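Observations on chain architecture
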Amino acid sequence: PAASRNRILAALKVIFKTASVWGYVPHDPAVPVKMEREDIKTKDVLDDGEFERLLAELSDDNRRVVLVAADTGMRRAELERLAWDDVDLISGELRVVQAKNGEFRVVPLTDRLHSLLAELKRSAKVHPKAPVFEAVVDNRALTAALARVGIDKHITLHSFRHQFATRALERGMSSFHLQAIGGWKSPVMLQRYGKVRNAALHEQMAKLNG
């Protein structure tokens, strides 16, 4: 695919540019080679009704993970690393710690997420360093649940990161704040995730009526 070829070409451009600067080659042969155009495919995202149908079909453990993913936009690795020490129910927020550099971002809790985590913490004797989730939902479980409720969309755990961004933008969250909460490195990366659906666009245009 074009995206894979572009990643390889980008690496070669860096190599040849460096070789040219250091005098290993007389000129940079990669300069005239252009990147291919990449088609940005729209990712499948569940609407509110579909999401509720999916939740009803999941086991309790998987339902909790999916709810946290959908209400925070957290990545799989971040969900796996989430410990009770990172959950502050008093402040109503959690910390998403980056494994590589130890940095973290703060994610405020939605009301339903606060209730879910509070109930989960009450029902289990938890050590502060213990993981919130013993296991993170397998994508095959999602596929099977979607099939049982008749939803023909390609949904993985990562899809809920897209769903989070889409819902946040549609409800008026600024791109600046969404980028900070979701941990996207740039507005360009955020644009790959958050797509405002047609219904929301019609609602915005309706404000011009009358």
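Residues numbered from 1 in each chain as written. Predicted model: local features only at pLDDT ≥ 70, side-chain atom pairs only at ≥ 80, totals over all residues. Heavy atoms only, no water.

So, on to helix 7 (residues 159-170). Along its twelve residues, helix 7 runs 17 Å from first to last C-alpha, staying within 8% of the 16 Å computed at 1.5 Å per residue. Most of helix 7 sits out of view: twelve of its twelve residues are buried. Positive phi appears at glycine 172, one or two residues downstream of helix 7, with a value of about 95°. (Helix = DSSP H or I, 4+ residues; strand = E, 2+ residues; numbered from the N terminus. Expected span 1.5 Å × (residues − 1). Buried < 20%, exposed > 50% of the residue type's maximum accessible area, 1.4 Å probe, protein only.)

The next thing to look at is the packing of helix 3 (residues 60-72) against helix 7. Viewed as axis vectors pointing N to C, helix 3 and helix 7 meet at an angle of 45°, and their least axial separation amounts to 6 Å. The angle between helix 3 and helix 7 places the two elements in the oblique class. Between helix 3 and helix 7 lies a crossing whose hand is right-handed. The segment helix 3 lies against helix 7, with Val66, Ala69, Ala70, Asp71 and Thr72 engaging Phe160, Gln163, Phe164 and Arg167. Counted by class, the contact of helix 3 with helix 7 contains five nonpolar, two polar and two charged residues. (Axes fitted to C-alpha atoms, helices over the stretch in contact; angles between N-to-C directions. Parallel < 35°, antiparallel > 145°, perpendicular 65-115°, else oblique. Left-handed = near helix turned anticlockwise from the far one by under 90°. Contact = heavy atoms within 4.5 Å. Nonpolar A, V, L, I, M, F, W, Y, C, P; charged D, E, K, R; others polar.)

Every buried residue belonging to helix 2 (residues 48-57) is among Glu50, Phe51, Leu54 and Leu55, and all of these are buried. All buried residues of helix 2 project into a common sector of 140° when viewed along the axis, lining one side. On its buried side, helix 2 packs onto helix 3, helix 5 (111-123), helix 6 (139-148) and helix 7. Sitting at the amino-terminal end of helix 2 is aspartate 47, which places a side-chain oxygen 3.1 Å from the backbone nitrogen of glycine 49. (Arc of directions from axis to C-beta. Polar contact = N/O pair within 3.5 Å; in protein donor to acceptor, adjacent residues only side chain to side chain.)

A word on the nonpolar core. Of all hydrophobic cores here, the largest spans 45 residues; its most connected members are Leu79, Leu117, Leu157 and Phe160. Among the secondary structure elements, those contributing two or more residues to this core are helix 2, helix 3, strand 2 (93-97), helix 5, helix 6, helix 7, helix 8 (175-182) and helix 9 (187-193). The element contributing the most residues to this core is helix 3, with six residues. If we ignore the near neighbours within four places in the chain, the residues touching leucine 117 are Trp84, Val87, Leu89, Leu94, Leu109 and Val132. (Core = buried A, V, L, I, M, F, W, Y, C linked by side-chain atoms within 4.5 Å.)

This brings us to the pattern of salt bridges. Scanning the model with the defined rule gives 15 salt bridges in all. A salt bridge links glutamate 50 to lysine 153; the shortest N-O distance between them is 2.8 Å. Of the two residues, glutamate 50 sits in helix 2 while lysine 153 sits in the loop between helix 6 and helix 7, which places them 103 residues apart along the sequence. Look at lysine 153 and you get partly exposed, because its relative accessible area is 27%. (Salt bridge = Lys/Arg side-chain N within 4 Å of Asp/Glu carboxyl O.)

The next point concerns the side chain of asparagine 62. On the secondary structure map, asparagine 62 appears in helix 3. Once you skip the residues sitting within four places of it in the chain, asparagine 62 turns out to touch Val137 and Ala141.

Together, Ile8, Leu12 and Ile15 give the surface a local cluster of nonpolar side chains, amounting to about 290 Å² of exposed area. Mapped onto the elements of the fold, isoleucine 15 is located in helix 1 (residues 2-21). Given a relative accessible area of 53%, isoleucine 15 falls into the exposed group. (Patch = residues over 30% accessible without salt bridge, like charges linked within 9 Å, V, L, I, M, F, W, Y side chains within 5 Å. Areas by Shrake-Rupley, 256 points an atom, 1.4 Å probe, with all protein chains shown as cover.)

With that settled, the discussion passes to the pairing of strand 2. Here strand 2 shows one buried face, formed by Leu94 and Val96, and one open face, formed by Glu93, Arg95 and Val97. In sequence, strand 1 (residues 87-88) turns back onto strand 2 through a hairpin of four residues, with glycine 92 there showing a positive phi of about 70°. Sheet topology places strand 2 next to strand 3 (residues 104-108); five bridges connect them, and they run antiparallel. From the neighbouring strand, glutamate 93 faces strand 3, where its bridge partner is proline 108. (Pairing = 2+ DSSP bridges.)

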